[in-house]
Amino acid sequence: MTFTSLKDERSGPGLDLPPPAAPAGRGRARRRTQNWLTAVSFQVPALALFGVLVLLPILFALYAAFFRWGGFGMPSDYIGVDNFTRLFKDPVFLGDLWRCLVLVVLSLVLQLPFALAMAVALNQRMRGRAVYRMLFFAPYVLSEAITGVLFAMIFAPGEGLADEILDGVGLEGLGGEWFADPDMVMATLFLVMTWKYFGFHMMLYLAGLQSIPKELHEAALIDGAGPWQRFRSVTLPLLAPTLRISVFLSVIGAIQLFDLVWVVTAGGPDHHSETMAVTMFQFGFKRYQVGYASAISVVMFGISLVFALAYQRFVLRRDLEGATTTMRGGGT
């Protein structure tokens, strides 16, 4: 039998060979291209909105900061870095930086520990703890405008609820002008901030506490650890990622604080409660010095960005590495 006849017999009825399959590498490349195009199609609208609503305003503010500009037309009076030079010679802005630092320190030393203590207390079994959680979290749900108006009435000099309570318990000497007194305004303002925001951090801590396995506390109890030892050796280490996020949000919030201050004091009296955002608003929308206000916004953005990058690099590094490792492990 010749090679030709053997080939004819193999190609007879019922012996047709399948067509050669496409290379596997080409199919993988096609699927990879389709997945990439799908991902891009979902990301383009979000990136477009981010570019128009975030990146362009940031870049334009940076551009306008080098001009003497009143906000009408396009900036044309170029003055270089004069706005930034003026900024760091302005006693009001330097005071804003100092007040920002004071608010950050007070938040870290008083507000967050208070929120943690309340979270630990409300994580215990007690009657009505759901009601307490709701009551403590409710102020965070209120808008800053409502909170400001409410406390402006509470701390109204002479006739507000705060003075009435102090008079009723015989401590009328502790009452005062509250927001109108340069020596008391920051302390009173911080009290309002704590009432407004501590519930948010408390709920963060509660979520973190409830994710800690109860078996660890039971094992520590069996080993003879007391309440403080269990808190220090079990609760705090496992709650550390939540604490780090809470600190980050608190610091960024203090840097960008505006609406509550504007409603309550508008920066007064005599700039003693003014923040960087309030100063920026005053110059940009009250005095029409938009170039100078843009310089303030650029400095605020720079401070926030430097802090965020440094915090992520040196504080959140282990948390981010752990999350990346978990994601990679889940995908294999």
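Data block above holds the structure.
Residues numbered from 1 in each chain as written. Predicted model: local features only at pLDDT ≥ 70, side-chain atom pairs only at ≥ 80, totals over all residues. Heavy atoms only, no water.

Quick word on the overall build of the protein chain
Within the protein chain, the secondary structure is distributed over 14 helices and zero strands. Counting from the amino terminus, the protein chain carries its helices and strands in the arrangement α-α-α-α-α-α-α-α-α-α-α-α-α-α. Here the analysis covers contacts within the protein chain between residues at least 6 apart in sequence; of these, 64% occur between residues at least 24 apart. Accessible area for the protein chain stands at about 20,800 Å²; split by element, carbon and sulfur atoms hold 68% of it. (Helix = DSSP H or I, 4+ residues; strand = E, 2+ residues; numbered from the N terminus. Contact = heavy atoms within 4.5 Å. Areas by Shrake-Rupley, 256 points an atom, 1.4 Å probe, with all protein chains shown as cover.)

Side note on the pattern of salt bridges
Applying the stated criterion to the full structure yields three salt bridges. For the salt bridge of Asp 77 with Arg 68, the shortest nitrogen-to-oxygen distance reads 3.0 Å. Taking the shortest distance from any N to any O, the salt bridge between Asp 96 and Arg 99 comes out at 2.7 Å. Here Asp 96 pairs with Arg 99, and both are found in helix 4 (residues 91-122), just three residues apart, close to one helical turn. A residue is classified by how much of its surface remains accessible, and Asp 96, at 1% relative accessible area, is buried. The buried category is assigned to Arg 99, whose relative accessible area is 14%. (Salt bridge = Lys/Arg side-chain N within 4 Å of Asp/Glu carboxyl O. Buried < 20%, exposed > 50% of the residue type's maximum accessible area, 1.4 Å probe, protein only.)

Some remarks on the packing of helix 10 (residues 227-255) against helix 13 (residues 290-314)
Two elements in contact, helix 10 and helix 13, have axes separated by 10 Å at closest approach and are oriented at 170 degrees. The orientation of helix 10 with respect to helix 13, classified from their angle, is roughly antiparallel. The segment helix 10 lies against helix 13, with Arg 244, Val 247, Phe 248, Val 251, Ile 252 and Ile 255 engaging Met 300, Ile 303, Ser 304, Phe 307, Ala 308 and Tyr 311. (Axes fitted to C-alpha atoms, helices over the stretch in contact; angles between N-to-C directions. Parallel < 35°, antiparallel > 145°, perpendicular 65-115°, else oblique.)

A few points about the packing of helix 4 against helix 8 (residues 185-210)
One can describe the packing of helix 4 onto helix 8 by two numbers: an axis separation of 7 Å at closest approach and a directional angle of 45 degrees. Considering the angle they form, helix 4 stands oblique to helix 8. In this structure, helix 4 crosses over helix 8, and the sense of that crossing is right-handed. (Left-handed = near helix turned anticlockwise from the far one by under 90°.)

Quick notes on the side chain of His 201
Relative to the helices and strands, His 201 resides in helix 8. By relative accessible area, His 201 is classed as buried at 4%. If near-sequence neighbours (up to four positions away) are discounted, His 201 is found in contact with Gln 111, Leu 112, Ala 115, Ser 246 and Ser 250.

Some thoughts on a positive patch on the surface
A surface patch of like charges, here positive, comprises Arg 26, Arg 28, Arg 30, Arg 31 and Arg 32. By the secondary structure assignment, Arg 28 is in helix 2 (residues 24-64). (Patch = residues over 30% accessible without salt bridge, like charges linked within 9 Å, V, L, I, M, F, W, Y side chains within 5 Å. Lys, Arg positive; Asp, Glu negative; His and termini not counted. Charge placed at Lys NZ, Arg CZ, Asp CG, Glu CD.)

Some remarks on the side chain of Ser 297
Tracing the backbone shows Ser 297 in helix 13. Side-chain polar atoms of Ser 297 contact the backbone oxygen of Ser 294, separated by 2.6 Å. Setting aside chain neighbours within four positions, we find Ser 297 in contact with Ala 61 and Met 280. (Polar contact = N/O pair within 3.5 Å; in protein donor to acceptor, adjacent residues only side chain to side chain.)

Observations concerning the nonpolar core
When a protein is soluble and globular, its nonpolar side chains tend to lie buried together. Leu 103, Phe 155, Leu 257, Leu 260 and Ile 296 are the most contacted members of the largest nonpolar core, which has 38 residues in total. Of all the elements, helix 8 adds the most residues to this core, at seven residues. Ranked by size, the runner-up nonpolar core spans 14 residues in total, among them Ala 115, Ala 119, Leu 209 and Phe 231. (Core = buried A, V, L, I, M, F, W, Y, C linked by side-chain atoms within 4.5 Å.)

Focus: a nonpolar patch on the surface
There is a patch of nonpolar side chains on the surface, built from Leu 49, Phe 50, Val 52, Leu 53, Val 54, Leu 55, Leu 56, Ile 58, Leu 59, Phe 301, Leu 305 and Leu 309 and spanning about 1,100 Å² of accessible area. Mapped onto the nonpolar patch, the elements with two or more residues apiece are helix 2 and helix 13. With nine residues, the single largest contributor to the nonpolar patch is helix 2. Position of Phe 301 among the secondary structure elements: in helix 13.

Regarding the packing of aromatic side chains
What the rule picks out here adds up to 25 aromatic pairs. Aromatic side chains Phe 67 and Tyr 78 sit 5.5 Å apart centroid to centroid with 75 degrees between the ring planes, which places their arrangement in the edge-to-face category. A residue pair is termed long-range when its members are at least 10 positions apart, and Phe 67 in the loop between helix 2 and helix 3 (82-87) and Tyr 78 in the loop between helix 2 and helix 3 qualify at 11 residues. For Phe 67, a relative accessible area of 8% puts it in the buried group. Tyr 78 sits in the exposed class, given a relative accessible area of 55%. Ring geometry for Phe 88 versus Phe 93: centroids 5.9 Å apart, planes at 90 degrees, classification edge-to-face. The class of Phe 88 is partly exposed, set by a relative accessible area of 45%. Connected via pairs of aromatic rings, a cluster forms that spans Phe 60, Tyr 63, Phe 67, Trp 69 and Tyr 78. Lying across the ring of Phe 283, Arg 287 places its NZ or CZ 4.4 Å from the centre. (Phe/Tyr/Trp six-rings, centres within 6.5 Å; stacked < 30°, edge-to-face > 60°. Lys NZ or Arg CZ within 6 Å of the ring centre and 35° of its normal.)

Points about a negative patch on the surface
Taken together, the side chains of Glu 159, Glu 164, Asp 167 and Glu 172 present a region of like negative charge at the surface. With respect to the helices, strands and loops of the structure, Glu 172 is situated in the loop between helix 7 (161-168) and helix 8.

Everything listed is a geometric property; what it means functionally is a separate question.
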